[in-house]
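Structural overview for review
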Amino acid sequence: MSDCIFCKIANGEIPTDFVYNDDKVVAFKDLNPQAPVHVLIIPKAHYTSSAAVDDRGVWSDLMTGAVNVARELGLEKDGYRMVINTGEQGGQTVPHLHLHLLAGRNLGWPPG
Ligand code: 5GP
Ligand code: ZN
C-alpha cells in the first residue's frame, strides 16, 4: 500500500528505530505513548485491520513478535497488556493492522 504510513515505516521509507525486526513483523515506539512502555507491533504485509486477516500465520507471526518484544524488554514479571483496536468503535485510527504492547504502570480496566 503506497500511501500507508505503517507500510512506509515497515519498508524503511520512513526511517524508524525498530525495537524488534524479523522477516514478518517490526516493532517501534508509539508516537504518542499511553504508558511508560508503548510499542506497536505490525506485520510487514498490509492488512487493513484484524478483520481483514485471512491467514492464520499472520497471528502466529504477530503474537510471537509481540511476546518476543515483551521478553526483550523484561516485562514478564510486572506484566503488560496487548491491544488490537479494530474499526471505528474499536478506536482504530491507522488502517494497517497493529498490536499495542503497553506496560510500565497499572493499566485500568475496563478500558475507556
Ligand atoms: P490505533 O488508534 O489505530 O489503534 O493506533 C494507532 C497508533 O499509532 C496511535 O497510538 C498513534 O499514536 C500511533 N501513530 C500514528 N502515527 C504514527 C507514526 O507515524 N509513528 C508512530 N511511531 N506511531 C504513530
Ligand atoms: Zn500498510
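Right above here is the structure, for reference.
Just so it is clear, the structure is predicted and the values come from calculations on it, not from any experiment.

1. Regarding the pairing of strand E5 (residues 99-103)
Of all five residues in E5, five are buried; the element is thus mostly enclosed. Of the two faces of E5, the one carrying Leu99, Leu101 and Ala103 and the one carrying His100 and Leu102 are both buried. Bridge analysis of strand E3 (residues 37-43) against E5 gives five bridges, and the strand direction is antiparallel. Residue pairing in the sheet places Ile41 in a bridge with Leu99 of E5. As paired elements, strand E4 (residues 81-83) and E5 share three bridges and run antiparallel to each other. Residue pairing for E5: Met82 is matched across the bridge by Leu101.

What counts and what doesn't
Residues numbered from 1 in each chain as written. Chains lettered and ligands numbered in written order. Predicted model: local features only at pLDDT ≥ 70, side-chain atom pairs only at ≥ 80, totals over all residues. Heavy atoms only, no water. Buried < 20%, exposed > 50% of the residue type's maximum accessible area, 1.4 Å probe, protein only. Helix = DSSP H or I, 4+ residues; strand = E, 2+ residues; numbered from the N terminus. Pairing = 2+ DSSP bridges.

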